[in-house]
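# Geometric and topological summary
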Amino acid sequence: MFDAHIVRKDFPILNRLIDGNKNIYMDTAASAQKPFVLMQKLEKAYMEEYANVHRGSYWLSEVATENYEQARKIAAKFINASSPDSVIFTRSATEGINLVAATYGLENLHEGDEILLSRAEHHANLVTWQQTALKTGARVVYFDLGEDGSFIWENFEKALSKHTKIVAVTAMSNVLGTIFPVEKICTAAHKIGAKVLIDACQFAVHKKIDVQKFDCDFLAFSGHKVYGPTGIGVLYGKYDLLKEMPPYQYGGDMIENVSYEMTTFTLPPARFEAGTPAIVQAIGLGASLEYMMQFDFNEIEKYEEELIKYTTKQLLDIDGLKLFGTANEKGGVFSFAIEGIHPQDLAFILAKEGVAIRTGHFCAQPLVNALGYNSLARASLGIYTTKEDIDDFITALRKAKDFF
Amino acid sequence: MSIENLIDDFSFLDNWEDKYRYLIELGNQLPHFDDTQKIDQWKISGCQSQVWIIPHFSNSTLSFQGDSDAIIVRGIIAVVLEIFNDKSAQEILDIDVEEIFDKMGLREHITPNRRSGMLSMVDKIKFYAKESLEGKHEHSRVPSEENL
């Protein structure tokens, strides 16, 4: 049975004190803490098995290459990709989305085409398409979510048109927590010939990704949110699409033949990994994904569902607190405002109590503005979050409230 | 109230809660801007809450007004204004604000994000002081827009 109390012990940083207080980390949606196995893997990679990959014909390089490619296989398994060749290591989810926009997007979008986004996309999946639209003459179209943040199928369906070429949506909103019906979205989009990119940054932390079941064309997530290192992300793409796409960046490791006059490019995934990649970060990500895969995702989901219910109730018990995003299908993020208190002031007091929450627009400024705010507070859950964490968070929140 | 009084008051308060309560009290006393003053021209970037600082130039000294939508930030603004108001441009440039916050025992209680917000305010104030020294505002009460 999944027990967050036991899981906690795998995360050394959770045991440190913050200003003499327990470390109540409620900002996993921004970046997750790291399990001990990751640090061990990083140490081993640097201390015993480090060299550049795909180059040297000597032992260290061979081991490093093997570890790097093993990480790709693990990532493929994590998202249930049919082949590791569909897995591209990027710097971040942001880079993954930019890669698709700059290659597939620029090649295939033309004047009159539409890019369909939800109104809940964060900047990585919004600004990128906005700018791609400017370059190509395509148009960005948005569909609305419900008042409570829920995904409304009719809204999506109505916004889909014969001009839609790309649907780029989150699988779970980083502000509202809403889970999107990814599989259904892909089916509907494919029916009209559009491609689908899934931003799985938040989803990957809480639910099982299955790219074959989703049937998505592209999917991106970042390493640091799934308990892995920073500076590494994963972009999945259907191989047939990847094969047709031009390179994103040029340099070493992505070439087949180079002369002074011209260059031919190698096949994916190497075609999209120009230069020396984030070798150790990728290997570390592999360790973190393996760590996650030892758990039964159904159990994590069940545990989280209860914790979400519990947290929601505790939050709504606080006078003047307004919670944004209460869809039935939601993951563990709670964006809220307390009447008359600026989120920054709240966070200020919470920080002194050892509680870490995020404030601001969470890189989803249009959505937060549409909710009528410049800034909100957000608490989010990880696999190590316990009921006691929630109690401590709520106690600190009540204390903070009494301050003002 | 002088800056010495403020330093005395803050260093007298020995826990963060009382220091914060005092900041909130100072924040409450700070006059609010009206909407015509809350414009982008006066907005300080680099803060997690909205912060506005308006400079006023007289012959020999500078003074500032400030506001924010967060109350603790308003308290910090009150302290910052107390430190810098009615000083000559050279005096403003010579002030080590971190040292003063240290003396107040506030430095350790202000999170890095908040500190960078505070330092953005101070940077802007010093920017105006520098401009004033360069003679850009000798005859104007507010700086010209192209200098912002």
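A brief look at the structure comes next.

## Focus: the overall build of chain A
Per the secondary structure count, chain A includes 15 helices and 15 strands. In terms of overall size, chain A behaves like a compact globule, its C-alpha atoms giving a radius of gyration of 22 Å where 404 residues would be expected to give roughly 22 Å. Judged by the C-alpha coordinates and their principal axes, chain A covers about 70 × 55 × 35 Å. Of all 404 residues assigned to chain A, the portion counted as buried reaches 58%. Excluding contacts between residues fewer than 6 apart, the proportion of contacts in chain A whose partners are at least 24 apart in sequence is 71%. Side chains of chain A carry 40 positive and 51 negative charges; the gap between the two charge centres is 2 Å.

## Let's talk about the overall build of chain B
Check the secondary structure of chain B and you find six helices and two strands. In chain B, the order of α-helices and β-strands from amino to carboxyl end is α-α-β-β-α-α-α-α. A separation of at least 24 residues holds for 59% of the contacts in chain B among residues at least 6 apart in sequence. Surface accessibility of chain B: about 7,400 Å² in total, with carbon and sulfur atoms responsible for 46%.

## Observations concerning the pattern of salt bridges
One pass over the structure, following the stated rule, counts 23 salt bridges over all chains. Residues Asp19 of chain A and Lys352 of chain A are paired through a salt bridge, measuring 2.9 Å at the closest nitrogen-oxygen approach. In this pair, Asp19 of chain A is assigned in the loop between α1 (4-8) and β1 (24-25) and Lys352 of chain A in helix α13 (residues 343-352), connecting sequence segments 333 residues apart. Three or more residues are tied together by salt bridges with common partners; here these are Glu353 and Lys399 of chain A together with Glu17, Asp18 and Arg21 of chain B.

## Focus: a nonpolar patch on the surface
There is a patch of nonpolar side chains on the surface, built from Tyr250, Ile255, Val258 and Phe265 of chain A and spanning about 390 Å² of accessible area. Inspection of the secondary structure assignment puts Tyr250 of chain A in the loop between α10 (239-244) and β9 (255-258).

## As for unusual backbone geometry
Comment: phi is negative for the bulk of residues other than glycine, and the bulk of peptide bonds are trans. Residue and element names in this part refer to chain A. Between Pro268 and the following residue, Pro269, the backbone shows a cis peptide bond with an omega angle of 5°. Examined against the element boundaries, Pro269 turns out to sit in the loop between β10 (263-265) and α11 (279-293). Although it is not a glycine, Asn80 adopts a positive phi angle of roughly 55°. Tracing the backbone shows Asn80 in the loop between α3 (59-78) and β2 (87-90). The phi dihedral of Phe362 falls on the positive side, at around 50°, and the residue is not glycine. Residue position: Phe362 is located in the loop between β14 (358-360) and α14 (365-370).

## Some points on the sheet that holds strand β11 (residues 321-324) of chain A
Residue and element names in this part refer to chain A. Pairing is antiparallel across the open sheet formed by four strands, whose spatial order is β11-β12-β15-β14. What marks the edges here is a single partner per strand, and that holds for β11 and β14. The sheet shows a mean angle of 30° between the axes of neighbouring strands, direction not considered. Where β14 and strand β15 (residues 376-380) come together, three bridges link them in antiparallel fashion. Its bridge partner lying in β15, Arg358 is registered against Arg378. The sheet contacts of helix α15 (residues 387-403) involve β11, β12 (333-338) and β15, and relative to β12 the element is tilted by about 15°.

## Considering the packing of α3 of chain A against α11 of chain A
Residues and elements named next belong to chain A. Contact geometry for α3 and α11: axes closest at 8 Å, N-to-C directions at 40°. Classified by the interaxial angle, the pair formed by α3 and α11 is oblique. For the element pair α3 and α11, the recorded crossing hand is left-handed. In this structure, α3 uses Ala64, Asn67, Tyr68, Ala71, Ile74, Ala75, Lys77 and Phe78 to contact α11, whose residues at the interface are Ile279, Ala282, Ile283, Gly286, Leu289, Glu290, Met292 and Met293. Looking at side-chain class alone, the contact of α3 with α11 contains 12 nonpolar, two polar and two charged residues.

## Thoughts on the sheet that holds strand β4 (residues 139-143) of chain A
Residues and elements named next belong to chain A. Sheet architecture is open: seven strands sit in the order β2-β8-β7-β6-β5-β3-β4, paired in mixed fashion. Where the open sheet ends on each side, the last strands, each with one partner, are β2 and β4. Ignoring which end each strand starts from, the neighbouring axes of this sheet average 20° apart. Both strand β7 (residues 218-222) and strand β8 (residues 233-237) contribute to a ladder of five bridges, which runs antiparallel.

## A word on the nonpolar core
Counting 81 residues, the largest nonpolar core has Ile79, Phe156, Val167, Ile209, Leu219, Phe221 and Ile383 of chain A as its most contacted members. Setting aside residues up to four positions removed in sequence, Val167 of chain A forms contacts with Leu116, Phe156, Leu160, Ile185, Ala189, Ala194, Lys195, Val196 and Leu197 of chain A. Ala347 of chain A together with Ile44, Leu106 and Met118 of chain B belong to the second-largest nonpolar core, a separate cluster that totals 78 residues.

## A look at the layout of surface pockets
All names here are of chain A. Of the volumes computed, that of the second largest pocket is approximately 410 Å³. What lines the second largest pocket is a set of 20 residues, among which Leu145, Gly146, Leu367, Ala370 and Leu371 lie closest to the centre. Its residues assigned to classes, the lining of the second largest pocket shows 10 nonpolar, five polar and five charged.

## Side note on the side chain of Asp67 of chain B
Residues and elements named next belong to chain B. One can find Asp67 in strand β2 (residues 62-68). Side-chain polar atoms of Asp67 contact the side chain of Arg74, separated by 2.3 Å. With sequence-adjacent residues up to four places away left out, Asp67 is seen in contact with His32, Phe33, Lys38, Gln50, Val51, Trp52, Arg74 and Ile77.

## Observations regarding the interface of chain B and chain A
With 19 residues of chain B in contact, the opposing surface of chain A contributes 13 residues. Buried surface at the junction of chain B and chain A, both sides included, amounts to about 1,400 Å², of which 62% is carbon and sulfur. At the junction of chain B with chain A, the criterion picks out one salt bridge. Put simply, Lys399 of chain A and Glu17 of chain B hold a salt bridge, and the shortest N to O gap is 2.6 Å.

Conventions used here
- Residues numbered from 1 in each chain as written.
- Chains lettered and ligands numbered in written order.
- Predicted model: local features only at pLDDT ≥ 70, side-chain atom pairs only at ≥ 80, totals over all residues.
- Heavy atoms only, no water.
- Helix = DSSP H or I, 4+ residues; strand = E, 2+ residues; numbered from the N terminus.
- Rg over C-alpha atoms; globule rule 2.2 N^0.38 Å.
- Buried < 20%, exposed > 50% of the residue type's maximum accessible area, 1.4 Å probe, protein only.
- Contact = heavy atoms within 4.5 Å.
- Lys, Arg positive; Asp, Glu negative; His and termini not counted.
- Charge placed at Lys NZ, Arg CZ, Asp CG, Glu CD.
- Areas by Shrake-Rupley, 256 points an atom, 1.4 Å probe, with all protein chains shown as cover.
- Salt bridge = Lys/Arg side-chain N within 4 Å of Asp/Glu carboxyl O.
- Patch = residues over 30% accessible without salt bridge, like charges linked within 9 Å, V, L, I, M, F, W, Y side chains within 5 Å.
- Pairing = 2+ DSSP bridges.
- Axes fitted to C-alpha atoms, helices over the stretch in contact; angles between N-to-C directions.
- Parallel < 35°, antiparallel > 145°, perpendicular 65-115°, else oblique.
- Left-handed = near helix turned anticlockwise from the far one by under 90°.
- Nonpolar A, V, L, I, M, F, W, Y, C, P; charged D, E, K, R; others polar.
- Core = buried A, V, L, I, M, F, W, Y, C linked by side-chain atoms within 4.5 Å.
- 1 Å grid on protein atoms, 1.4 Å probe; cavity = no way out; pocket = protein on both sides within 12 Å on 5 of 7 lines; lining within 4 Å.
- Points joined across faces, edges and corners; volume = space filled by probe spheres on them.
- Polar contact = N/O pair within 3.5 Å; in protein donor to acceptor, adjacent residues only side chain to side chain.
- Buried area = accessible area lost by both parts, 1.4 Å probe.

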